[in-house]
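Summary of structural features
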Amino acid sequence: MKRTANLWLIIAIIGFCLLPWHVVEDGFWSFSWVTNIGYVESSSALILMLVYGKFWFWPTALAFAFVATCLATVSNPVTRAKMIASSALFGLVCTAFQGLVIVRDGPRFFTDILNFTSINEGQIGFGAGAMVTLVALLFILTTGVSAMGKGRGDAFVIGLIGLIIALVGVFVFFPVAHILIRAFENKDGTYSLIHFIPRLFSSDIWGLGCFAGGTCGPAINSVILATMTGAGTTTLGLAFALIFTRTQFFAKPLLRVLTVIPIITPPFVIGLALILLFGRTGAVTQLFADMFGIEKSRWIYGFSGVYLAQMLSFTPIAFLVLIGVVEGVSPSMEEASQTLDADRWQTFRYVSLPLMRPGLANAFLLGFIESLADFGNPLILGGNTNYLSTDIFFAIVGSVADPAKAAILAISLLMLTLGAFLVQRRWVGTKSYATVTGKADSGQHAALSPAVKAACYATALPWAIFTAIVYIMIFYGSLVKLWGYDNSFTFDHYLQAFSIDFSNGIRWTGSAWDSYFTTLTIATISAPLTAIVGLSTAYLLIRQNFAGKSAFEFSTMLSFAIPGTVIGVSYVMAFNFPPIELTGTSIILIIVFVFRNMPVGVRGGIAAMSQLDKSLDEASITCGANSFTTLRRVIAPLLGPAMIAALTYSFVRAVTSVSAVIFLVSARHNMATSFIVGRVEHGEFGIAIAYSAVLILTMLTIIILLQLAVGKRQLRRTDRVEQSA
Amino acid sequence: MQDFKPGSVHFNGVVKKYGAVTALTKLDLSIEPGKLVTLLGPSGCGKTTTLRLIAGLESATHGSIHIGGEDVTHLSATYRKVSMVFQSYALFPHMSVIENVAYGLTVKSIPKKEAHEKAEDGLKMVGLEGFGQRLPSELSGGQQQRVAVARAIVLEPDVLLLDEPLSNLDAKLRRHVREEIRQIQQNLGLTAVYVTHDQEEAMAVSDRIIVMRNAEIAQEGTPSDLYQRPNSSFIADFIGDANLIDCEVTSTKDKRSKIDVNGQELTVNNIAAVSGNAKLVLRPHQVILSNSGTAKGFKGNITYAAYLGNQIQYTIESDLGHLFATSITYDAPLSVGDNVKISFDTTQVSLVSD
């Protein structure tokens, strides 16, 4: 432990004394700071402290001195560990505190007390030096804690726990806390609780006017929409799941495709396709107008349009969840029911369906949360109806920017999603009748009764056909000159977006290339990071025991329940000024994807890791391997498929996500989805649809390639088996 | 001061709690080097917890643990010179047999070639030469078990831990493998700690047995100590079957006591020097059954009889209560409903406290 602590101390001191403490304008990797000696901006903390009189770095320096003294003088290992840990904690707290208090314009709080020239000059955000110092201090702290005999003295595990808590704290809780603070802020910049409550529950947000013929507040609209979407997707999802698992339906592989496609579809694409069908110039609208003389209307822009789009978007998710639920009903229970002389309908009604109830509730809540958080469809089809997620956006980017209103709306939305999330975990989560055990259950699922079967086919099949038409429209629409007016065939949209000029070397002249490459780059960087963070968290949750584990688990899953718009707003509010200035960079996009998609990696990792016998780790550890080696040589190889799944999923989500991203993109770093939304706002549907089609194809290709890679890996293993046999 | 030899294991007042549940209440334990000691007890008694504490897979709530004289209480499992054979074998499914056995050596940065040579020696020791290139899934249960043993012993640990190593094998194989394990342990002079809930297995392999119950040590000693001189009715019943018959000690002299059983006076051994209400330990094979009428003794009636080939098992309702008896007499097998007289050799039976 002494060696580890020494090493981190040296790294911390390097960060403090040699690296530029603050953000360097040209970027760290330009290394312009090496030559710019003598400028305040590119100085290390040591220089700032000694030369420029920035006395608030003294406590950090003091912490180093403490740690070094303890390492050199104290001989009792436990005492030494305690002293090192507390010194490092002191250093961390002081360093973070000065960063939070002293911002660009000088002190943020305590302005009267902190009235010094050097403070009033202010400082810019943390840079490389600060980051290295803070990380090193964190690891000195965890090394100390592990040497105190906590967590079986495993420095790697404690370090990992510390790192993930710090990351989640800084990139999930810190920004969300900013929304809370903003919400308490009054117009004149003071804070009060008295004004907060009436603003939070004002009729602007929660108004019930639509029940009396007027208009409702956005929160009520969102809740009504979410309830209907939750109920609708669950019903349709159940119908699909029953057909998929309990009938001899001939086109099951096609149903399977239905579950994959929406995952790779950017959320607003369904909305676009619906406009092509049902908009003023939509195909169906015109057909009906020509045949029956029904007047063309804009009904699709409003509640019904958003509802339709959400049903199409989220039914597959319910389907995916409910396949597991329906299969989870133990066949032997259905057989028991039948041997007790119940017919198929009675078995379904009194045994299978009640057993599925927690699963159905789960699917409903999932649909409810997804609908509340959905941003793309309301943005495109919302019309004059207001929804929370889009109102937040307009409060930030609208003609009158009102961050306080955005904060209040964000809190309302957060309350709703967190409420649903809590209900799901506390009530449904503990009440599962799922009977999936390690033991093979050799029974046969009961067939559906004719009436149920007919009902399932009647609801699901038309819907499946409708979904297929919607997707065909996306590709068809991209090849039409001007939908509804000039239906001639053209490649123009693709050329405009994706043309390449070969005349003078390769030049990516299409308007979409920039955002396309940015999107792919950022998704490629963030996907492995997401997988690593997610799977490491899963490893800690499944394999390690430590105090506060359930709180840890809860906080990592929490970011799943925070809608993208809320995350976006909170990032804008938190990372726009020191100590962490990230807005306008590509780093903030990567970070937002990593922490938005982390719960997916965590869930996948938990599922996969629960199936690995814990004694495998223990065998490795008793063989003298440390936790890191165990993770690398035993667990990681066995988690291969889960890792590929997490990679794929986080990549795809990074490409398709729009809600959080739209707040964070900048002219330099534009993403595909926000580019498309921008085209839609300008009425350039052709390009938007063509680009969407390209995105879907890109992701389909990537998923297939990854699947092939996984397949190959398994083949190689079989080869080895045959060779040695 | 305790005598710390290499390979010895000492527990000093070790307490282990999982939240509110106490898995071990103040355990003091010492294991001599070179001996095979078994931790025996019903499930949930704390035996596996004890083993995992030695391995370092759990950390003690209070107290200290020494291995070979070194205080390892706060040392993580990685750095303890201890290796373990798991109930599920825990062979790494993605590595070949030789890679599995060499794993512990390679993580210690021993060159791969040397590690594989040592691993090959280890495989030879368990009789699995030439199986190195296979995957664990291609081996039978018994072979997998031996790979797990090889993986543990090539590390030349100070202490070898075995956690119910035979429970996944069928009955016949179990006896064969336990003999092998015992032989390897004795050849290498290893200190070994063996956990099982099967008392026969414990008796067969151990130098000493530590019987645990409710998070505490109930009794420890050699197999014959435990069988012949149980200190409680729990041990008497757990080590070999026993009928425990209520009785009252009336007088004691020279480790022989007069007792009152169901109104009859008998004189039996009383090594544990119990007095007052006690239990008479009557092993099933000690019960002598004779046809009713002629013989003296307690009265009984056969309620169940099972022919097992090498013996016949009887259940008897009697003056002494519900009795379980085995007999190797086939001449006149008794049948259900027969009235019998029950007797036993009073020099062979003993008393335990109530």
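Residues numbered from 1 in each chain as written. Chains lettered and ligands numbered in written order. Predicted model: local features only at pLDDT ≥ 70, side-chain atom pairs only at ≥ 80, totals over all residues. Heavy atoms only, no water.

1. Some thoughts on the side chain of Thr326 of chain B
Looking at the secondary structure, you find Thr326 of chain B in strand S18 (residues 321-327). Once residues within four sequence positions are removed from consideration, Thr326 of chain B is found in contact with Pro284, His285, Val287, Gln311, Ile312 and Gln313 of chain B. (Helix = DSSP H or I, 4+ residues; strand = E, 2+ residues; numbered from the N terminus. Contact = heavy atoms within 4.5 Å.)

2. Observations concerning a nonpolar patch on the surface
All names here are of chain A. On the surface, a cluster of nonpolar side chains totalling about 600 Å² of accessible area is made up of Ile47, Leu50, Val51, Phe55, Trp58 and Phe116. Among the structural elements, Trp58 can be located in helix H4 (residues 58-73). Looking at Trp58, the relative accessible area reads 44%, which means it is partly exposed. (Patch = residues over 30% accessible without salt bridge, like charges linked within 9 Å, V, L, I, M, F, W, Y side chains within 5 Å. Areas by Shrake-Rupley, 256 points an atom, 1.4 Å probe, with all protein chains shown as cover. Salt bridge = Lys/Arg side-chain N within 4 Å of Asp/Glu carboxyl O. Buried < 20%, exposed > 50% of the residue type's maximum accessible area, 1.4 Å probe, protein only.)

3. Some thoughts on a negative patch on the surface
Residues Glu114, Glu117, Glu120, Asp121 and Glu129 of chain B make up a contiguous surface patch of negative charge. As for its position among the elements, Glu120 of chain B is in helix H3 (residues 112-125). (Lys, Arg positive; Asp, Glu negative; His and termini not counted. Charge placed at Lys NZ, Arg CZ, Asp CG, Glu CD.)

4. Re the sheet that holds strand S5 (residues 70-71) of chain B
Residue and element names in this part refer to chain B. Taken in spatial order, the four strands of this open sheet run S2-S1-S4-S5, and their pairing is antiparallel. Either end of the sheet is taken by a strand with one partner, and the two such strands are strand S2 (21-31) and S5. Both strand S1 (residues 9-18) and S2 contribute to a ladder of seven bridges, which runs antiparallel. Looking at S2, one finds that Val9 is bridged to Ile31. (Pairing = 2+ DSSP bridges.)

5. Considerations on the confidence of the model for chain A
All names here are of chain A. When pLDDT is averaged along chain A, the result is 82; 94% of the residues meet or exceed 70. For chain A, helix H32 (residues 685-724) is the element with the lowest average pLDDT, namely 69, and helix H11 (residues 218-246) is the one with the highest, namely 91. Here residues 434-441 scores under 50 on pLDDT; set against residues more than four positions off or in separate chains, the count is nine contacts. Under a pLDDT of 50 for its full length, residues 713-725 has, in the predicted model, 14 contacts with residues more than four places off or in other chains. (pLDDT = per-residue confidence, 0-100.)

6. Quick word on the interface of chain A and chain B
Of the residues lining the interface, 26 residues belong to chain A; the matching set on chain B comes to 34 residues. Scanning the region where chain A abuts chain B turns up one salt bridge. The salt bridge involving Glu618 of chain A is made with Arg52 of chain B; its shortest N-O contact spans 2.6 Å. Here chain A is connected to chain B by seven residue pairs in polar contact (both at pLDDT 80 or more). At the level of elements, helix H27 (614-622), helix H28 (627-638) and H32 of chain A are the ones that each hand at least two residues to the side of chain A that touches chain B. Counting residues per element, the side of chain A that touches chain B draws most heavily on H27 of chain A, which supplies seven residues. Counted by class, the side of chain A that touches chain B contains ten nonpolar, ten polar and six charged residues. (Polar contact = N/O pair within 3.5 Å; in protein donor to acceptor, adjacent residues only side chain to side chain. Nonpolar A, V, L, I, M, F, W, Y, C, P; charged D, E, K, R; others polar.)

7. Some thoughts on the confidence of the model for chain B
In the predicted model, chain B carries a mean pLDDT of 88, and 97% of its residues have values of at least 70. Scored by ipTM, the complex comes to 0.82, with pTM at 0.80.

8. Description of the packing of helix H2 (residues 97-106) of chain B against H3 of chain B
All names here are of chain B. H3 packs onto H2 with a crossing angle of 120 degrees between their chain directions and a minimal axis gap of 8 Å. Relative to H3, the element H2 lies oblique. Note on packing geometry: the crossing formed by H2 with H3 is right-handed. Contacts between H2 and H3 involve Val97, Ile98, Val101, Ala102, Leu105 and Thr106 from the first element and Ala115, His116, Lys118, Ala119, Glu120 and Leu123 from the second. (Axes fitted to C-alpha atoms, helices over the stretch in contact; angles between N-to-C directions. Parallel < 35°, antiparallel > 145°, perpendicular 65-115°, else oblique. Left-handed = near helix turned anticlockwise from the far one by under 90°.)

9. Some details on helix H25 (residues 564-574) of chain A
The buried fraction of H25 of chain A amounts to eleven of the eleven residues, a majority that puts the element mostly inside the structure. What H25 of chain A keeps buried is the set Gly564, Thr565, Val566, Ile567, Gly568, Val569, Ser570, Tyr571, Val572, Met573 and Ala574 of chain A.

10. Some details on the sheet that holds strand S7 (residues 159-163) of chain B
All names here are of chain B. Spatially, six strands are ordered S6-S7-S8-S3-S9-S10 in an open sheet, and the strand pairing comes out mixed. Edge strands, defined here as strands with exactly one partner in the open sheet, are strand S6 (82-85) and strand S10 (216-221). Averaged over all neighbouring strand pairs, the angle between strand axes comes to 20 degrees, with direction disregarded. As defined by bridge partners, strand S9 (residues 208-213) adjoins S10 across five bridges and the pair is classed as antiparallel. In the sheet register, Ile209 faces S10, and the bridge partner there is Gly221.

11. Re the pattern of salt bridges
Two side chains bearing opposite charge may form a pair once their charged atoms approach each other closely. A full pass over the atoms with the stated rule returns 14 salt bridges over all chains. With its nearest N and O atoms 3.9 Å apart, the salt bridge here joins Arg146 of chain B to Glu180 of chain B. In this pair, Arg146 of chain B sits in helix H4 (residues 141-153) while Glu180 of chain B sits in helix H5 (residues 171-188), placing the two residues 34 residues apart along the sequence. We note a salt bridge from Asp207 of chain B to Arg182 of chain B, for which the minimum N-O separation is 2.9 Å. Of this pair, Asp207 of chain B sits in the loop between helix H6 (199-205) and S9 while Arg182 of chain B sits in helix H5; the two residues are 25 residues apart in sequence, bridging distant segments of the chain. Take Arg182 of chain B: its relative accessible area is 14%, and that puts it in the buried class. Through salt bridges with shared partners, one network takes in Glu618 of chain A together with Lys16, Arg52 and Glu58 of chain B.

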